[in-house]
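Each chain, letter by letter, is given below.
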Amino acid sequence: MSDLKPSERLRASAEGGLSGHVVVPADKAISPGVDARRARGRRFPNRMSADLLPCEQDCLRTSASLGLRGDIFVPGDKSMSHRALILGGLAEGETRIEGLLEAEDILHTAAAVRAFGPRIERIALGRWRVTGTTWRSPRAPVECGNSGTGARLLMGAAAGFPLQATFTGDESLSRRPMKRVLDPLHAMGAAAEGTRLPVTVRGGGLKGIRFLNIAASAQVKSAILFAGLHAEGEVEVTEPVRSRDHSENMLRAFGCELEITGQSVRLGVRRKLRGASVHIPGDPSSAAFPLVAALITPGSDVTVRSVMVNPLRTGLMKTLQEMGADLRIENPRLLGGEQVADIKALSSRLHGVEVNADRAPSMIDEYPILAIAAAYAEGRTVMHGLAELRVKESDRLAATVAGLRACGISAREEGDTLIVEGCAGQPPGGARVAAHNDHRIAMSFLVLGMASQAPVEVDSAGMIGTSFPGFVRLMRSIGGRVT
């Protein structure tokens, strides 16, 4: 591996290319260098790469399957993986993580945390160890890749220390707004230059804040709570609708006092974090793709094991059941403080429903794949309150409508509402869909092609690796025709 660049070496080591423990010292500010456009077509010299790289072409095609069947696992939850690395880096002592998602976004966050001083070791696939320390100014800009979650949470964590850091990202992330996080951090006493990446943050000397999180953004809430760990005074965030609560659950696991009253969360007096053991279950956002594929493909029977079913993340499952989906939650249990279950999906006849805006926080990442289910349903599906989709990796609302229309499905956007007229069965398909370098758009339309009348092609499919390494391999394992 000596012929690889430092960035390629970290990527290869994170994918199992080195035997034993993989240690990257804190004083080596190495970026994982996992820009999917550069990674496509490159074989890393290790036996795990075939399992973890999603594909080697820009374009993938799916065609109708005879029935999907299997008992599978999906990668660890993305939201929890970001938070486990960051909080482990903030905590005193050692944190052990089981089930970490080793996707490109998470590898960027791991490299970013290292750049601030903590020590991070990859022990085996999904098993990582983090030793926290006081954060210091990184020697180089902090590369966040394609991850808005990583960038915003890292800004909050870094703002609590007397340091200066410049955050950068890829072309897509550099178009996404950061002001929603920077405004409350500025109100707490941090200074920032820029409202889109690159953004420079100067932290330290923070004071408390009582913040109304109107957008019900878990990223904004988490950034404030992470910054508040080193702030003087009361830190409270109130939301009109509760957003996902992984930060609250994990902060408690690391020993932080929290008070939750109604729609408000408040940091307690005891805010010092201690190293913890973190177990990360399967990501419900990733599980959505094989589950919906099974629902819309005749003759299918697919079970996804050990998926997180936190009530603030199950909006898609509730909506699919309202549409008539034979979706069964089995073997519920607790894992690492989170509710977990096995989810079985059987092919189903779906019907259209109306999805109110108050459900959006619990399924904001799943609307593109819900739109695919709606395309197969009988009748009209109306989804309200989707403004947040316009500032994701792409304008997901516009991209979803364009992709559906290209595949012969009647769809339109009215303000922040998405309306899909279902085909009551197989839609035409037969199109090449522009994914706009968005992993969830790419996976959603690949699922559509698994049961449409004609094959569907998707471009920029290499971006799938930002959240779901092994997606192609997994879908093939249950019978999906992906070429």
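Before reading on, note that the structure itself is shown above.
Structure report, in brief.

Analysis parameters
Residues numbered from 1 in each chain as written. Predicted model: local features only at pLDDT ≥ 70, side-chain atom pairs only at ≥ 80, totals over all residues. Heavy atoms only, no water. Buried < 20%, exposed > 50% of the residue type's maximum accessible area, 1.4 Å probe, protein only. Helix = DSSP H or I, 4+ residues; strand = E, 2+ residues; numbered from the N terminus. 1 Å grid on protein atoms, 1.4 Å probe; cavity = no way out; pocket = protein on both sides within 12 Å on 5 of 7 lines; lining within 4 Å. Points joined across faces, edges and corners; volume = space filled by probe spheres on them. Nonpolar A, V, L, I, M, F, W, Y, C, P; charged D, E, K, R; others polar. Salt bridge = Lys/Arg side-chain N within 4 Å of Asp/Glu carboxyl O. Axes fitted to C-alpha atoms, helices over the stretch in contact; angles between N-to-C directions. Parallel < 35°, antiparallel > 145°, perpendicular 65-115°, else oblique. Contact = heavy atoms within 4.5 Å. Core = buried A, V, L, I, M, F, W, Y, C linked by side-chain atoms within 4.5 Å. Polar contact = N/O pair within 3.5 Å; in protein donor to acceptor, adjacent residues only side chain to side chain. Pairing = 2+ DSSP bridges. Phe/Tyr/Trp six-rings, centres within 6.5 Å; stacked < 30°, edge-to-face > 60°.

Topic: helix α13 (residues 396–406)
Reasoning step 1: Within α13, the full set of buried residues consists of Arg396, Leu397, Ala399, Thr400, Val401, Gly403 and Leu404.
Reasoning step 2: Directly after α13, the chain includes Gly408, whose backbone phi takes a positive value near 85°.

Digging into the layout of surface pockets
Rolled over the atoms, a probe as big as a water molecule pinpoints where empty space is left.
Reasoning step 1: One number sums up the size of the largest pocket: a volume of about 590 Å³.
Reasoning step 2: Taken together, 37 residues line the largest pocket, and the ones lying closest to its centre are Ala218, Ile364, Asp365, Glu388 and Lys392.
Reasoning step 3: Those elements that provide at least two residues to the lining of the largest pocket are α4 (78–90), α6 (148–159), α8 (218–228) and α14 (439–449).
Reasoning step 4: In terms of residue count, α4 provides more of the lining of the largest pocket than any other element does, 4 residues in total.
Reasoning step 5: Of the residues belonging to the lining of the largest pocket, the class tally is 11 nonpolar, 11 polar and 15 charged.

A few points about the pattern of salt bridges
Reasoning step 1: Summed over the entire model, instances satisfying the criterion amount to 41 salt bridges.
Reasoning step 2: Here Arg359 ties to Glu322 by a salt bridge, and the two come within 3.0 Å at their closest N and O atoms. With Arg359 in the loop between β19 (354–355) and α12 (367–376) and Glu322 in helix α11 (residues 315–322), this pair connects stretches of sequence that are 37 residues apart.
Reasoning step 3: One salt-bridge network, in which partners are shared between bridges, spans Glu94, Arg96, Arg119, Glu121 and Arg129.

Overview of the packing of helix α10 (residues 284–296) against α12
Helix packing geometry: the angle between the two helix axes and the distance between the axes.
Reasoning step 1: It is at 10 Å that the axes of α10 and α12 come closest, and there the two elements cross at 0°. On the basis of their axis angle, the class for α10 and α12 is roughly parallel. Counted together, Ala288, Phe289, Val292 and Ile296 of α10 and Ile369, Ile372, Ala373 and Tyr376 of α12 form the full contact between these two elements.
Reasoning step 2: Tallied by class, the residues present in the contact of α10 with α12 amount to 8 nonpolar, no polar and no charged.

Regarding empty space enclosed by the protein
Reasoning step 1: Under the definition given, this model contains 4 cavities of 30 Å³ or more.
Reasoning step 2: If you add up the space inside the largest cavity, you get close to 80 Å³.
Reasoning step 3: Surrounding the largest cavity, Pro284, Ser285, Ala287, Ala288, Leu291, Arg313, Leu316, Met317, Leu320, Ile343 and Glu366 form its lining.
Reasoning step 4: Looking at the lining of the largest cavity, the elements with two or more residues in it are α10 and α11.
Reasoning step 5: It is α10 that contributes the most residues to the lining of the largest cavity, 5 residues altogether.

Here we look at the nonpolar core
Reasoning step 1: With 77 residues, the main nonpolar core has Leu320, Tyr367 and Leu404 as its most contacted residues.
Reasoning step 2: Formed by 68 residues, the second largest nonpolar core is a distinct cluster that contains Leu85, Leu100, Leu107 and Val201.

A short note on the environment of Ser347
Reasoning step 1: Assignment of secondary structure puts Ser347 in the loop between β18 (338–346) and β19.
Reasoning step 2: Of the residues examined, Ser347 reaches a relative accessible area of 32% and is grouped as partly exposed.
Reasoning step 3: Ser347 sits 54 residues away from Ala293 along the chain, and the two C-alpha atoms are 8.6 Å apart.
Reasoning step 4: Residues within four places of Ser347 in sequence aside, it is in contact with Ala294, Leu295, Thr297, Pro298, Gly299 and Ser300.
Reasoning step 5: Within polar-contact distance, the side chain of Ser347 engages the backbone nitrogen of Gly299 at 3.3 Å.

Quick word on the sheet that holds strand β22 (residues 417–421)
Working definition: the strands of a sheet are paired by backbone hydrogen bonds and lie parallel or antiparallel to each other.
Reasoning step 1: Read across the sheet, 4 strands follow the order β19-β20-β22-β21 without closing on themselves; strand pairing throughout is mixed. Edge strands, defined here as strands with exactly one partner in the open sheet, are β19 and β21 (411–414).
Reasoning step 2: Note: β21 against β22, 4 bridges, orientation antiparallel. Bridging across to β22, Glu413 finds its partner in Leu418.

Looking at the packing of aromatic side chains
Reasoning step 1: This structure, assessed with the given rule, holds 5 aromatic pairs.
Reasoning step 2: Centroid distance Phe116 to Phe167: 6.2 Å. Interplanar angle 35°. Geometry classified as tilted. Of the two residues, Phe116 sits in the loop between α5 (104–115) and β5 (119–124) while Phe167 sits in strand β8 (residues 164–168), which places them 51 residues apart along the sequence.
Reasoning step 3: What makes Phe167 buried here is its relative accessible area of 0%.

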